[in-house]
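One letter stands for each residue in the lines below.
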Amino acid sequence: AGASPAGDTLAVETRELDGCGFPTDGAPGLCAEERFINPCFDDDGVDGVKRRPFWRQVKYVLAQLNLPVRICMFLLFSKMFTVESVISAASMVTKNRYGWAVHQVGTLGMIVGCLTIPISVFIGWISQYREDR
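Every value quoted in this text rests on a predicted model; they were computed, and no experiment measured them.

**Student:** Give me the packing of aromatic side chains: which residues, what numbers.
**Tutor:** Inspection of the entire model under this criterion finds four aromatic pairs. Geometrically, the ring pair formed by phenylalanine 77 and phenylalanine 81 is stacked, given 6.2 Å between the ring centres and 25 degrees between the ring planes. Taken together, the residues phenylalanine 77 and phenylalanine 81, both in helix 2 (residues 67–96) and four residues apart, mark about one turn of the helix. Take phenylalanine 77: its relative accessible area is 55%, and that puts it in the exposed class. By relative accessible area, phenylalanine 81 is classed as exposed at 54%. Taking 6.1 Å as the distance between ring centres and 35 degrees as the angle between the ring planes, the aromatic pair formed by phenylalanine 122 and tryptophan 125 counts as tilted. Residue phenylalanine 122 and its partner tryptophan 125 are both found in helix 3 (residues 102–127); the two are separated by three residues, about one turn of the helix.

**Student:** Break down a nonpolar patch on the surface for me, citing the residues and quoting the values.
**Tutor:** Together, Met110, Ile111, Leu115, Ile119, Phe122, Ile123, Trp125, Ile126 and Tyr129 give the surface a local cluster of nonpolar side chains, amounting to about 920 Å² of exposed area. By the secondary structure assignment, isoleucine 111 is in helix 3.

What counts, and at which threshold
- Residues numbered from 1 in each chain as written.
- Predicted model: local features only at pLDDT ≥ 70, side-chain atom pairs only at ≥ 80, totals over all residues.
- Heavy atoms only, no water.
- Phe/Tyr/Trp six-rings, centres within 6.5 Å; stacked < 30°, edge-to-face > 60°.
- Helix = DSSP H or I, 4+ residues; strand = E, 2+ residues; numbered from the N terminus.
- Buried < 20%, exposed > 50% of the residue type's maximum accessible area, 1.4 Å probe, protein only.
- Patch = residues over 30% accessible without salt bridge, like charges linked within 9 Å, V, L, I, M, F, W, Y side chains within 5 Å.
- Areas by Shrake-Rupley, 256 points an atom, 1.4 Å probe, with all protein chains shown as cover.
- Salt bridge = Lys/Arg side-chain N within 4 Å of Asp/Glu carboxyl O.

Here you go:
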């Protein structure tokens, strides 16, 4: 038990890890002390690390995003904001403008909620069979 068919024991390979816990294979890793700069922490000399201000972290993240990604994120946010605004306003519009009762407005909300997930699943399924262009 514990021996290979040749009769010798199993050897456990040990590898040196860098500062991030990744194996180095003898070469300097991605997190080598002289090359790795963590954007979220500064060395304050007392207890080792101090958090950078929130806006400095945001600036670092935004600097990593190129223009097409920024435009796509803006359009996605605009779409989500518009859809949520329309759905939220639907109850006020139907009740005040068309004189619907509260239970009718609630029924409309339930129908919209019940249709959202199946329609999203259907669109995801059908998009697998259509080209993007």
